[in-house]
Amino acid sequence: MSVNSLILSVDGYFYYLFDFINSLTFLEFLIYFWPFFLLDLTRYLLLDALVIFLYIPRKILMRGKMYKARITLYKEMPLVTFLVPGKNEGKHIPRLAESLQQQTYKNFELIVVDDGSDDNTHIICRQLEREKKIDKFIRQSMRGGKAAAANTALCYAKGKYIVHIDADSHLSDDALETILLPFYLDEKIGAVGGDVRVANTFASMATRMQAIEYSKSISVGRTVTSMLGILRIISGAHGAFRRDILQRIHGWDVGPGLDGDITLKIRKLGYKVVHEPDAICYTNTPEKFSQLAKQRFRWDRSLVRFRLRKHSDLLQPSKSFRLSNFITSLDNIFYNFILNFKWWIYFLLLLIFGADDSLDLLLIFSINYFFYFLSNLLEYTIACLLYGKSLRRENYFLFFYILFVPFYTGIFLRTVRTYAYTMELLFKASYYDKWNPWKVSKVAHRENL
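Residues numbered from 1 in each chain as written. Predicted model: local features only at pLDDT ≥ 70, side-chain atom pairs only at ≥ 80, totals over all residues. Heavy atoms only, no water.

Chemist: Even after reading the chapter, I still don't get the sheet that holds strand β6 (residues 189-198), so can you show me in this structure?
Modeler: Within a beta sheet, neighbouring strands are joined by backbone hydrogen bonds and run either parallel or antiparallel to one another. Read from one edge of the open sheet, eight strands run β3-β2-β1-β4-β7-β6-β8-β5, paired in mixed fashion. Edge positions in the sheet fall to β3 (136-140) and β5 (169-171), since each has one partner strand and no second. Between one strand axis and the next, the sheet turns by 30° as a mean value, whatever way the strands run. Judged from the four bridges that link them, strand β1 (residues 80-86) and strand β4 (residues 161-165) form a sheet pairing that is parallel. When the bridges of β4 are listed, Thr81 appears paired with Ile162. (Pairing = 2+ DSSP bridges. Helix = DSSP H or I, 4+ residues; strand = E, 2+ residues; numbered from the N terminus. Axes fitted to C-alpha atoms, helices over the stretch in contact; angles between N-to-C directions.)

Structure (structure tokens):
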């Protein structure tokens, strides 16, 4: 194709695009694009912007209380226990231990549990233990799964507060101090989620997409749901818990999805769970889309396993019914589960009834792409404005990659999510995942955990 014909084809495309938009009545416009305007724009952009608008002055007004909370924290100086379960994570442990040595709050212990590693993890950790950078290293020769490893560490923990952190993560210097402060603001707070950001942002296109997603979904998304009192998950990569509460609920149940599961268990006891965006943790994310698909396949199945099965009672009237818990589950199920399938129905209806020819169909998809590109651009801008001081300089270069985000979230993640939901609904696939040893999953299946 020559340059002139290419220019003519592009000009022709935009001519048809604007002509198509002008030909639509208001009702037709809503029929074609109602998912964006009625649901996604309202829930993920307008609501987020409104809550963040309220969050900023609230944060300023809270400075006095935060100062008093910090004084109380340092006056009490409670022991904090870091729990780090992991398998074949030895190469990451030194950096994690180093980041803990640099914490502004110093009264903590570090317990690392090797969950059946077959590499040199035990050699690395024993050396760190001799150097006093690890307080206790436990090697389990037989793999029991992440929950079993975390519960083993919990048995040895002495701290008033427990911080669960992934082995391939590391913390900003004041992360521990910051994640503890909410406990001294409200005695009804049972768990605090730290902010999780991508450490290997520019390793690949997959990590770039995740860095943008984490900024919107975790940093902003969890700040918003925390403000609304409907936070549904304390990340296993970085979460703080009262030890007495963890002991009361007997620690973690078998996952995958154990992070969201334990959060709901704490909420059921009547405690609050909150997100602290200034307690920053950096974690390594999958560098290949194939690896990412496996990770999200595991994560997404947990919605069906825990929200729709194990904790379905949150949606039912009972003596322990709480509106906030009801909304927490309903919001997750409606927007992540029901509307995920809604999109496939929407696309199918467009193919059958929504367009007179393939060009109209292309124009409808193009307009949808533009709306979601603009929405993602605004959402990421909100994240940068909100957390600009704590963002790494490289994060601002991610603006150039937002062009690809609608394909990442709208096609890649949605396809993985749909497959995960379907496999869990039909076959309870999470119980056959190699992420947990078969003997553990077999018991979990029998006990309906």
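Still more ground to cover, so stick around.
Chemist: Mind showing me how you'd approach the pattern of salt bridges here?
Modeler: Where side chains of opposite charge bring their charged atoms close, a pairing between them can arise. Within this structure, the stated rule accounts for 22 salt bridges. Between Glu177 and Arg70 there is a salt bridge, and its shortest N-O distance comes to 2.4 Å. Highlighted residues: Glu177 in helix α7 (residues 175-180) and Arg70 in helix α3 (residues 63-76), separated in sequence by 107 residues. Overall, Arg70 belongs to the partly exposed group, its relative accessible area being 30%. Lys146 is the salt-bridge partner of Asp166, the closest N and O atoms lying 2.8 Å from each other. Taken together, the residues Asp166 in the loop between β4 and β5 and Lys146 in helix α6 (residues 146-156) connect sequence positions 20 residues apart. (Salt bridge = Lys/Arg side-chain N within 4 Å of Asp/Glu carboxyl O. Buried < 20%, exposed > 50% of the residue type's maximum accessible area, 1.4 Å probe, protein only.)

Chemist: It is not clear to me how the packing of helix α8 (residues 205-227) against helix α13 (residues 358-387) should be interpreted in this structure. Could you clarify?
Modeler: For any two helices packed against each other, one specifies the inter-axial angle together with the distance between the axes. In contact at an axis separation of 9 Å, α8 and α13 are set at 65° when each is read in the N-to-C sense. Viewed along their axes, α8 and α13 adopt a mutual orientation that is roughly perpendicular. Once α8 is placed against α13, the crossing between them reads as left-handed. Within the contact between the two elements, α8 uses Ile212, Ser215, Lys216, Ser219, Val220 and Thr223 and α13 uses Asn376, Glu379, Tyr380, Ala383 and Tyr387. When its residues are assigned to classes, the contact of α8 with α13 shows five nonpolar, four polar and two charged. (Parallel < 35°, antiparallel > 145°, perpendicular 65-115°, else oblique. Left-handed = near helix turned anticlockwise from the far one by under 90°. Contact = heavy atoms within 4.5 Å. Nonpolar A, V, L, I, M, F, W, Y, C, P; charged D, E, K, R; others polar.)

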